[in-house]
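One letter stands for each residue in the lines below.
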Amino acid sequence: MKDQTFDEFEEILNQGYQVYFTYLENRYLVFKTNDNCYTKKLVYQGSKNPPAKMAMITKKYLSEIYSFMEEVEYKYET
């Protein structure tokens, strides 16, 4: 993931992949919903501060947290 740019990451989402990642001790699933619109779902809560279970996020927000994502996994549903 360190060698991957955000543009490459965004293209993977545009191709229909779902991406699991860890951010601030929590495990999330993100996928593209519409142009400039993504859905972020909480899969596992690792911190004591409860985040939203599901949220609509923008490309700007996704690009801001991109460099802090850890343990990234890609899944493609047919």
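The structure presented is a predicted model; accordingly, all values stated were derived computationally and were not measured.

About the cut-offs
Residues numbered from 1 in each chain as written. Predicted model: local features only at pLDDT ≥ 70, side-chain atom pairs only at ≥ 80, totals over all residues. Heavy atoms only, no water. Pairing = 2+ DSSP bridges. Helix = DSSP H or I, 4+ residues; strand = E, 2+ residues; numbered from the N terminus.

Asks: What exactly am I supposed to notice about the pairing of strand S2 (residues 26-34) here?
Replies: Every regular strand shows the same layout, with side chains that alternate between the two sheet faces. Across five bridges, the pairing between strand S1 (residues 17-23) and S2 is antiparallel. What sits directly across from tyrosine 20, in S2, is leucine 29. In sequence, S1 turns back onto S2 through a hairpin of two residues, with leucine 24 there showing a positive phi of about 50°. Here S2 runs beside strand S3 (residues 37-44); their pairing, made up of seven bridges, is antiparallel. Considered in S3, the bridge of arginine 27 is made with tyrosine 44. Counting the residues in the hairpin turn of S2 and S3 gives two residues, including asparagine 36, whose phi is positive at 60°.

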